[in-house]
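Letter by letter, the chains look like this.
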Amino acid sequence: MSSAIAFQKTIILTAIGAPIVSFAMIAALSFFRRPWRETWVGRAAQAGLLVSLAMLLIAALVRVGMGSAPTTISLGGGWITGGVFAFDLLVDGWALSFSLLCVAICGVVATFSIRYLHLEPGFDRYFMLLVAFVTGLLLISFAGSIEVLYAGWEILGLSSALLVAFFHEREAPVTSGLRVFAFYRVGDVAMLAAAVLLHHWAGSDSLVLLFASTGAHETLRPENATVIAVLLIIAASAKSALFPFSSWLPRAMEGPTPSTAVYYGALSIHAGCFLLFRAAPLLDHSTTAKILAIVVGAVTALYAALLARVQTDVKSKLCFASLTQVGIIVVEIAVGLRLLAFLHICGNACYRLLQFLSAPNLLHDLHQLESDLGGRIAHAQPAWVARPGFYLFALERGFLDGMIDRFLVGTVSRVAGFLDRLDRRLCSALPGLGEDLDGD
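Residue numbers run consecutively from 1 along every chain, following the written order of its sequence. Local features in a predicted model are, by the rule used here, given only for residues with pLDDT of at least 70; side-chain atom pairs are given and counted only at 80 or more, and totals for whole chains, interfaces and linings are based on all residues. The side-chain values count all of the structure's non-hydrogen atoms but skip hydrogen atoms and water molecules.

> Which residues make up the overall build of the chain, and what values do they have?
Under the DSSP-based scheme used, a helix requires at least four consecutive residues in state H or I and a strand at least two consecutive residues in state E, with every element numbered from the N terminus. Along the chain, the regular secondary structure elements total 19 helices and 2 strands. Relative accessibility under 20% of the residue-type maximum defines a buried residue, over 50% an exposed one, and the middle range a partly exposed one, all with a 1.4 Å probe and only protein chains included. Classification of the 440 residues of the chain by burial places 49% in the buried group. Once local pairs closer than 6 in sequence are excluded, the contacts in the chain between residues at least 24 apart make up 76%. Computed with the Shrake-Rupley method and a 1.4 Å probe, the accessible areas treat only the protein chains shown as cover for residues. For the chain, the exposed surface amounts to about 20,600 Å²; the carbon and sulfur share of it is 67%. Between two residues, a contact is recorded if the distance between any of their heavy atoms is within 4.5 Å.

> Break down the pairing of strand E1 (residues 71-75) for me, citing the residues and quoting the values.
Burial along E1 is one-sided: the residues Thr71, Ile73 and Leu75 are buried and none of Thr72 and Ser74 is. Strands qualify as paired when DSSP identifies two bridges or more between them. Looking at chain direction, E1 and strand E2 (residues 87-91) are connected through 5 bridges and run antiparallel. Across the sheet, Ile73 pairs through a bridge with Leu89, a residue of E2.

> Residue-level account of helix H14 (residues 287-308), with values.
How far a helix is expected to stretch is found by multiplying one less than its residue total by 1.5 Å. With 22 residues, H14 extends 31 Å between its outermost C-alpha atoms, agreeing within 8% with the 32 Å of an ideal straight helix rising 1.5 Å per residue. Listing the buried residues of H14 in full gives Ala289, Ala293, Val296, Gly297, Thr300, Ala301, Tyr303, Ala304, Leu307 and Ala308.

> Lay out the pattern of salt bridges in plain terms, naming residues and giving numbers.
Opposite charge on two side chains lets them pair, provided their charged atoms get close. By definition, a salt bridge exists where a carboxyl oxygen of Asp or Glu is found within 4 Å of a side-chain nitrogen of Lys or Arg. Per the stated rule, a full pass over the model turns up 4 salt bridges. Note that Arg185 is salt-bridged to Glu154, the shortest N-O span being 2.7 Å. Separated by 31 residues along the polypeptide, Arg185 in helix H7 (residues 171-202) and Glu154 in helix H6 (residues 146-164) bring together distant segments of the chain. Residue Arg185 is classed as partly exposed on the basis of its relative accessible area of 31%. Connected through shared salt-bridge partners, Glu154, Arg185 and Asp188 make up one network.

> An account of the environment of Ser240 is requested, with residue identities and associated values reported.
Structurally, the position occupied by Ser240 is in helix H10 (residues 222-240). Placed 33 residues apart in sequence, Ser240 and Cys273 show a C-alpha to C-alpha distance of 7.2 Å. When neighbours within four sequence positions are excluded, Ser240 is seen to be in contact with Trp248, Ser268, Ile269, His270, Ala271, Gly272, Cys273, Leu323 and Val326. A polar contact of 2.7 Å, which involves the side chain of Ser240, links it to the backbone oxygen of Ile269. Any N or O atom pair separated by 3.5 Å or less is treated as a polar contact, with the protein-specific requirement of one donor-capable and one acceptor-capable atom, and with residues adjacent in sequence counted only for side-chain atom pairs. Here Gly272 takes part through its backbone nitrogen, which lies 3.1 Å from a polar atom of the side chain of Ser240.

Okay, structure coming up:
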């Protein structure tokens, strides 16, 4: 059994390391101003994803031979094993299934992107971000300690925001990417707070405490489990665009269509769902957190379904349709339907991927059909959609952007301005500092 665990450790590390090697290979020559040809860049990314997929398939076969008991792989030495940092990987059926789904979908998107982004400036940058995205997903899938989860969470968020701002020669993608990154920061703060509190209250960084059916109940006090669960819900909400963090989702459509498909149609939007799925035993021991998850999921599903009715472009309509299913998935997780929720994640991810990648062809066929018919095809809508109050609410996306700008961004800006004025006044009272500040 020990030899099987050692072998499993090797193949899991190879699966995680293969995208990292692809990233390093593409980045190395790019940093030295000797970018590869597009064919080589695409093959390097595909090779990393193919090796990762093969290793995960082997790990799944080994897993079947070893049985169903979860395996914890502890890595590191020196300062890592000294208690400062725990790099643990948790290998079980759920982790292998989700990682296989992620790598397979990213492999399809990588193949599609080679032709789609042909001769596009930043071709190599796109594939660097894609393999970095895969690395983040693999770390989230196999996270056995809060540090590994946080590292994967950050890599996933950074690569996603940079892909939104991929066309940086235009102002709109850069502004949208910055806004997406700002929303992600809220979730990252909640994740960091959960990590600190878990270490403080449980005395351990192991996520087995959260993922095991009895660990959280036996180790954490009920009120402590509630606080950590609520923080994880906030982190998942920011990453998966759950209400009230939904306003950044249509802005993410500024990125290339392949990245939109894999990020906000198939995988990135489901990362928060997978986190809640893994932490479902913790939700079971906190009625407050469970009710909060049900309310957030239900409101998100209703909100996204209403907004999808009035969207005028296919990518926004698809992203809100995907968000509707994400809200339902969160409700399924909260009420304890774990198997159904996981199957829903896999089905929604694959279906939305197909829709996003085939949307340009469908639009072309629709326009050709309308041209042959000599006019536009009427699309039936329920009568209540045309009501002014509803239509305005849906068209303005629930006025979330305005409320966030006024109450959140405006408040932070006013506080920052007050602190800046206070700092200048205090510095001007000290000899020499006021003149230097005015000169700056």
